[in-house]
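# Breakdown of the fold
Each chain is listed here by its residues.
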Amino acid sequence: MIDRKTPVTPRNGHTLVVGVVARISGRPNQKEVSLDDQEDHARDIVDDMHEGPAEYRVVATINKGERLNRPELEKIERMLRSGELDFLIAEDLGRIVRGVEAVRLCGVAVDHGVRVIAPHDGIDTARDTWEQDAIEACKEHVGHNAHTSRRLKFKLMNRFKKSGATAARPIFGYAVPPGARTYDEWLKDPSANRVLREWLERLLGDPNCSAVADWLNGHNVPPGPGAKNQKWDGRMVRRVTANPILKGLPCRGRMRTVKHNGTGQWLSRKNPDGPVFRECPHLAHWTSEEFDRVNARLSAANEGCGRKAANGSDSRAGIPKKRTAWPGRHVMCGICNRPYYWGGHGRNSHMMCSGARDYKCWNTVTFNGHEAADRIARAVLDHISRLPDFEPVFLDKVRAWAEARNSTCAADLRQADQELTTVRRQLQNVADMVADWGGSRALHEKDKALQKRERELLDRLSRLTRQPVETVTFPTMEEIRRTALDAIKSARTDQAEFGRVMRLVIPCLRVLPVRLCDGGGLTLRAAVTFDLKALIPPEVIRPEPEPSLRSEIIVDLFDPPERAKFREEIIRRRQAGETQKAIGDTLDLTITAVQRAAALDRMMRAQGRTDPYVPVTEPPSDCTKMKRHHHRRYAYTPLPSSEPA
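Because the structure is predicted, anything quoted here is derived from the model rather than measured.

About the criteria used
- Residues numbered from 1 in each chain as written.
- Predicted model: local features only at pLDDT ≥ 70, side-chain atom pairs only at ≥ 80, totals over all residues.
- Heavy atoms only, no water.
- Pairing = 2+ DSSP bridges.
- Helix = DSSP H or I, 4+ residues; strand = E, 2+ residues; numbered from the N terminus.
- Contact = heavy atoms within 4.5 Å.
- Axes fitted to C-alpha atoms, helices over the stretch in contact; angles between N-to-C directions.
- Salt bridge = Lys/Arg side-chain N within 4 Å of Asp/Glu carboxyl O.
- Buried < 20%, exposed > 50% of the residue type's maximum accessible area, 1.4 Å probe, protein only.
- Polar contact = N/O pair within 3.5 Å; in protein donor to acceptor, adjacent residues only side chain to side chain.
- Patch = residues over 30% accessible without salt bridge, like charges linked within 9 Å, V, L, I, M, F, W, Y side chains within 5 Å.
- Areas by Shrake-Rupley, 256 points an atom, 1.4 Å probe, with all protein chains shown as cover.
- Lys, Arg positive; Asp, Glu negative; His and termini not counted.
- Charge placed at Lys NZ, Arg CZ, Asp CG, Glu CD.
- Parallel < 35°, antiparallel > 145°, perpendicular 65-115°, else oblique.
- Nonpolar A, V, L, I, M, F, W, Y, C, P; charged D, E, K, R; others polar.
- Left-handed = near helix turned anticlockwise from the far one by under 90°.
- Core = buried A, V, L, I, M, F, W, Y, C linked by side-chain atoms within 4.5 Å.
- Phe/Tyr/Trp six-rings, centres within 6.5 Å; stacked < 30°, edge-to-face > 60°.
- Lys NZ or Arg CZ within 6 Å of the ring centre and 35° of its normal.
- Arc of directions from axis to C-beta.
- Expected span 1.5 Å × (residues − 1).

As a further point, take the sheet that holds strand E2 (residues 54-62). As summarised here, the arrangement of the five strands in space is E2-E1-E3-E4-E5, forming an open sheet in which the pairing is mixed. Both edges of this open sheet fall to E2 and strand E5 (123-124), since each of them pairs with a single strand only. One ladder, built from two bridges, connects strand E4 (residues 115-118) with E5; its direction is antiparallel. When the sheet's bridge partners are listed, Ile117 is paired in E5 with Asp124. Sheet strands in contact with helix H1 (residues 33-49) are strand E1 (16-24), E2, strand E3 (87-89) and E4, and its direction is about 150° off that of E1.

Now for the pattern of salt bridges. What the rule picks out here adds up to 32 salt bridges. Its salt-bridge partner being Glu101, residue Arg104 comes within 2.7 Å of it at the nearest N-O pair. Residue Arg104 and its partner Glu101 are located together in helix H4 (residues 101-111), separated by three residues, close to a single helical turn. Residue classification places Arg104 among the partly exposed residues on the basis of a relative accessible area of 37%. Salt-bridge contacts for Glu456 lead to Arg453; the nearest nitrogen and oxygen are separated by 3.0 Å. Linking Glu456 with Arg453, this pair stays in helix H13 (residues 441-466), spanning three residues, or about one helical turn. Judged by relative accessible area, which is 37%, Glu456 ranks as partly exposed. By relative accessible area, which is 29% here, Arg453 ends up partly exposed.

Moving on, we get to the environment of Ala227. Within the element layout of this structure, Ala227 appears in the loop between helix H7 (209-218) and helix H8 (234-241). By relative accessible area, Ala227 is classed as partly exposed at 27%. Placed 56 residues apart in sequence, Ala227 and Ile171 show a C-alpha to C-alpha distance of 7.7 Å.

Within the fold, Arg338 resides in the loop between strand E12 (332-333) and strand E13 (340-344). Classification of Arg338 by relative accessible area gives buried; the value is 10%. Between the C-alpha atoms of Arg338 and Leu639, which are 301 residues apart in sequence, the distance is 6.8 Å. With residues near it in sequence (within four places) discarded, Arg338 still touches Val331, Met332, Cys333, Ser354, Gly355, Lys360, Thr637, Pro638 and Leu639. From its side chain, Arg338 meets the backbone oxygen of Thr637 in a polar contact 2.7 Å long.

A few words on a negative patch on the surface. Taken together, Glu32, Asp36, Asp37, Asp40, Asp44 and Asp47 make up a surface patch of like negative charges. Secondary-structure assignment places Asp36 in helix H1.

Turning to the packing of H7 against H8, a few remarks are in order. It is at 7 Å that the axes of H7 and H8 come closest, and there the two elements cross at 105°. One way to sum up the angle between H7 and H8 is to call them roughly perpendicular. Contacts between H7 and H8 involve Cys209, Ser210, Val212, Ala213 and Leu216 from the first element and Gly234, Val237 and Arg238 from the second. Its residues assigned to classes, the contact of H7 with H8 comprises five nonpolar, two polar and one charged.

Moving on, we get to the pairing of E13. Of all the five residues making up E13, four are buried; the element is thus mostly covered by neighbouring parts of the structure. Pairing of E13 with strand E14 (residues 347-353), which is carried by four bridges, proceeds in the antiparallel orientation. By the bridge assignment for E14, Trp342 is matched with Met351. In this antiparallel pair of consecutive strands, E13 and E14, the connection spans two residues, and His345 shows a positive phi of 55°.

Where helix H6 (residues 193-205) meets H7, the closest approach of the two axes is 10 Å, and the angle between their N-to-C directions is 145°. Like other packed secondary-structure pairs, H6 and H7 cross with a definite hand, here right-handed. The residues of H7 that touch H6, namely those facing Val195, Glu198, Trp199, Arg202 and Leu203, are Cys209, Val212, Trp215 and Leu216. Residue classes in the contact of H6 with H7 are distributed as seven nonpolar, no polar and two charged.

Take the nonpolar core next. Within the largest apolar cluster, 42 residues are counted, with the highest numbers of intra-cluster contacts made by Tyr340, Phe367, Ile376, Ile506, Val528 and Leu557. Those elements giving two or more residues to this core turn out to be E13, E14, helix H11 (369-385), helix H15 (495-505), strand E16 (508-516), strand E17 (523-531) and strand E18 (550-556). Apart from residues no more than four positions distant in its own chain, Val528 is found in contact with Ile376, Val380, Ile506, Cys508, Leu509, Ser551, Glu552, Ile553 and Val555.

With that settled, the discussion passes to the packing of aromatic side chains. The final tally for this structure, using the stated rule, is eight aromatic pairs. A ring pair is formed by Phe172 and Trp232, whose centres lie 5.6 Å apart and whose planes are at 90°; its orientation type is edge-to-face. One end of the pair, Phe172, is in the loop between helix H5 (130-163) and strand E6 (174-175); the other, Trp232, is in the loop between H7 and H8, with 60 residues separating them in the sequence. Each member of the pair Phe172 and Trp232 is classed as buried. With a centroid separation of 6.4 Å and an interplanar angle of 45°, the aromatic rings of Tyr174 and Trp186 are classed as tilted. On the criterion of sequence distance, the pair formed by Tyr174 in strand E6 and Trp186 in the loop between E6 and strand E7 (187-188) is long-range, its members being 12 residues apart. Under the relative-accessibility criterion, Trp186 is labelled buried at 3%. The rings of Phe160, Tyr174, Tyr183 and Trp186 are connected pair by pair, giving a single aromatic cluster. One cation-aromatic arrangement involves Arg628 over Tyr359; the distance from NZ or CZ to the ring centre is 4.6 Å.

Here the focus is H8. Regarding H8, the residues found buried are Gly234, Met236, Val237, Val240 and Thr241. Along the axis of H8, the buried residues cluster in a sector spanning 165°; they form a single face. Counted as exposed and oriented over 90 degrees from the buried face of H8: Arg235 and Arg239. A side-chain oxygen of the first residue of H8 lies 3.2 Å from the backbone nitrogen of Arg235; this N-cap is Asp233.

Quick look at the sheet that holds strand E15 (residues 367-368) now. Judged by pairing direction, the sheet is antiparallel, and its three strands sit side by side in the order E13-E14-E15 without closing on themselves. Edge positions in the open sheet fall to E13 and E15, since each of these has one partner strand only. Across two bridges, the pairing between E14 and E15 is antiparallel. Bridge assignment links His350 to a residue of E15, and that residue is Asn368.

Turning to helix H9 (residues 288-302), a few remarks are in order. In an α-helix, one turn spans 3.6 residues, which is why side chains three or four residues apart end up on the same side. With 15 residues, H9 extends 21 Å from end C-alpha to end C-alpha; this agrees with the ideal 21 Å at 1.5 Å per step. Every buried residue belonging to H9 is among Glu290, Phe291, Val294, Asn295, Ala296, Arg297 and Leu298, and all of these are buried. Gly304 sits one or two positions beyond H9 and adopts a positive phi of about 80°.

Take a look at the structure:
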């Protein structure tokens, strides 16, 4: 209760300074006029206790009471520590913050001579029992929130089980009639049938959700009515693909909220108990087998691709990802085997070795990433157009393999189907043991291994049944060349699609520093390994790779100086008897440039070289601009090479 016996005297001697805290959560049934009501209540309390003038400093906000990272809390604490307030009044401590943080703020107020009053909680720091009263009030506020949360969750889950009630927003492929409140009243969108069927076929052929997103955007397919983004991306495609409503099984309880005690926020996390399903066959776009098969294929394709947990948690949790332009996150340093990042030496268009940034590599040479992408694409297109035809021996191997595969296809199907039945029976046995005896680490590992094997078998059955082997013929080199050229040329206008095709065709892209054999600055060359077997239909399973499909080319990521660029032409003209001045006039070069080209050619002949550029594997001592290896933080630590075999 409020202590009315304690005298009220302004600390500044003339005006009572009162801080007023008013807050509402912002729910639909709450109105902002409630903030004015709370302020008026505080004024009534002051008028009842003090007859002199009063100055009111109001902190009114619309936010969640459990949030600890609200800026108004910092403002309240600054007011308490300023030494100017006489009173801090709130209807109850929950208006300030719901939780024991309110007790700490009351302590700060008492330490700085500020009297805190919360009439609905019966708290007045002028009383000796204020701390006990505040703790009890905080307990009641927290308990009320927890009780309300449990009551609402049970009520909503019970309605879902009984009648399929939902407040969820429809995803792509579904329509909700006006007034519909249950899944039984939802309808399939007829216009989405063809799109979702093509969606399924594309993911079964190439488990790349970003490629499907690009296809959807290219055909102007709008996302679902509840989507915040107006364009599809890979995460949206994966999220919709994994929604069991596509096979007629809407669910509830897939996620649950967990409080983050540092900020007071409630975060959505995966529910370890799993969701509750309801059968709605009229909502199925795909069969149950198709849904399980495509999600198993996506899980298998992405397995092992995520970051490994550091001390049980993701070191990059909460950090947003962005879609980088190619060759970002693809090109590797040939010195330390680390990736190149955008932003070299302060230029956004240039790329730099990430190891050099961290003083673990001496290669500080940068290159223009956009120009490099164009150079590499032109070089790959030129090389593909000149590829030779397949050797007859290789085609004979393909035909022999196809005949042998036809004879064993039926047996493989039976074997895979029998093993899948066994694996599913074992999975059911593990589930029964967990239900009867509880979980254990051994059962968890066994269940995980069986689920992995089930995905492998589903993918194997999908590949064996998708198309008969006898109907497949190995494409000719001319067909492969045409497919590769069309794919790269058509993707040049779409940055995302261009990057996807180049990553598919080029499994390895490494850059190495080089310099002219007569000295000079360092530049970069790209060793491009490209493999065209990724463009062959997946139904054609090769018995062994064809060497002519995999090649490596060298691409210069720089414009050579005049002495290297015109060296061959200058030497040819000198051997024909032309003077240095005549050659310079013809090629628009100075006599000095002609002489330097001739000197470079003499040095190459003396060293027995045909290429004027030499690789640089150690930091050169005569390069004054390269000093990273002299820094006290520098420690050369190369990573193991990740170049594919």
